[in-house]
Amino acid sequence: MRRLAWFVIAGGTGFAIDAGLTHLLIAFTPASPFLARIPAIMAAMAATWFLNRSFTFGRSSSSLAAEGFRYWAVGVTAALLNYAVYSALIYRLPIQPVAAIVFASIAAMAYSFFGYSRFVFGR
């Protein structure tokens, strides 16, 4: 249960970074809602890696490079899933970008928890 709680905290932090940076980029730059997500997702992934490694799962028994590669592999595929859901919602529905991020993040959360717990930090 502790692991899941920390995963939710890390994910919530990543969500805040993702949604906040996306909103700021849309509001204060000429970036579209689609383009703004790319740096926002990258910043969120860096933060969640640190939190998941430090508090949720602990360090893996692999080298930092191998752990980092596996984390980013799961993270990138989760981000692609997240971005696909986000884009589909923005394209198909009259929905605010931050609301679309909520639904997209929920869709990617189960996938990433499984991938991180089994593939990245599994012992």
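In every chain, residue numbers begin from 1 and rise along the written sequence. The predicted nature of this model means local features are confined to residues of pLDDT at least 70 and side-chain atom pairs, given and counted, to a pLDDT of 80 or more, with totals for whole chains, interfaces and linings taken over all residues. Each side-chain value is derived from all of the structure's non-hydrogen atoms; neither hydrogens nor water enter the calculation.

**Remarks on the packing of helix 1 (residues 2–28) against helix 2 (residues 33–56)**
Interaxial distance between helix 1 and helix 2 falls to 8 Å at its minimum, and their mutual angle equals 155°. In terms of axis orientation, helix 1 runs roughly antiparallel to helix 2. For helix 1 against helix 2, the interelement crossing comes out right-handed. Classification used: nonpolar for Ala, Val, Leu, Ile, Met, Phe, Trp, Tyr, Cys and Pro, charged for Asp, Glu, Lys and Arg, polar for all others including Gly. In terms of residue class, the contact of helix 1 with helix 2 is built from 17 nonpolar, six polar and four charged. Axis definition: a line fit to C-alpha positions, over the contact stretch in the case of helices; interaxial angles, taken between N-to-C directions, run 0 to 180 degrees. Runs of E in the DSSP output that reach at least two residues are strands. Runs of H or I that reach at least four are helices, and both are numbered from the N terminus. Angle categories are assigned with fixed cut-offs, so that under 35 degrees is roughly parallel, over 145 is roughly antiparallel, 65 to 115 is roughly perpendicular, and the rest are oblique. Should the near helix be turned counterclockwise from the far one by less than a right angle, the crossing is left-handed, whereas a clockwise turn marks it as right-handed.

**Some thoughts on the UniProt feature "domain: GtrA/DPMS transmembrane" (unreviewed entry) in the chain**
UniProt positions are given in the numbering used here, feature names are shortened, and annotations may be inferred rather than shown by experiment. UniProt records the feature "domain: GtrA/DPMS transmembrane" (unreviewed entry) at residues 7–121, using the numbering of this structure. For residues 7–121, helix accounts for 86% and strand for 0%, while the C-alpha atoms at its two ends are 13 Å apart.

**Considerations on the packing of aromatic side chains**
Between the rings of Phe, Tyr and Trp (Trp by its six-membered ring), a pair exists once the centres lie within 6.5 Å; its type follows the angle of the planes, with under 30 degrees stacked, over 60 edge-to-face, and the other angles tilted. One pass over the full model with this rule turns up eleven aromatic pairs. Look at Trp6 and Phe55: their rings are 4.6 Å apart centre to centre, the planes differ by 15°, and that puts the pair in the stacked class. Linking Trp6 in helix 1 with Phe55 in helix 2, this pair joins segments that are 49 residues apart in sequence. Type-normalised accessible area, obtained with a 1.4 Å probe on protein chains alone, sets the label of each residue: buried when under 20%, exposed when over 50%, and partly exposed for intermediate values. On the accessibility criterion, Trp6 (27% relative accessible area) is partly exposed. Two conditions define a charge located above a ring, namely a distance within 6 Å from the ring centre to NZ of Lys or CZ of Arg, and an angle within 35 degrees of the ring normal. Across the ring face of Tyr86, the terminal group of Arg37 is positioned such that the distance to the ring centre comes to 4.5 Å.

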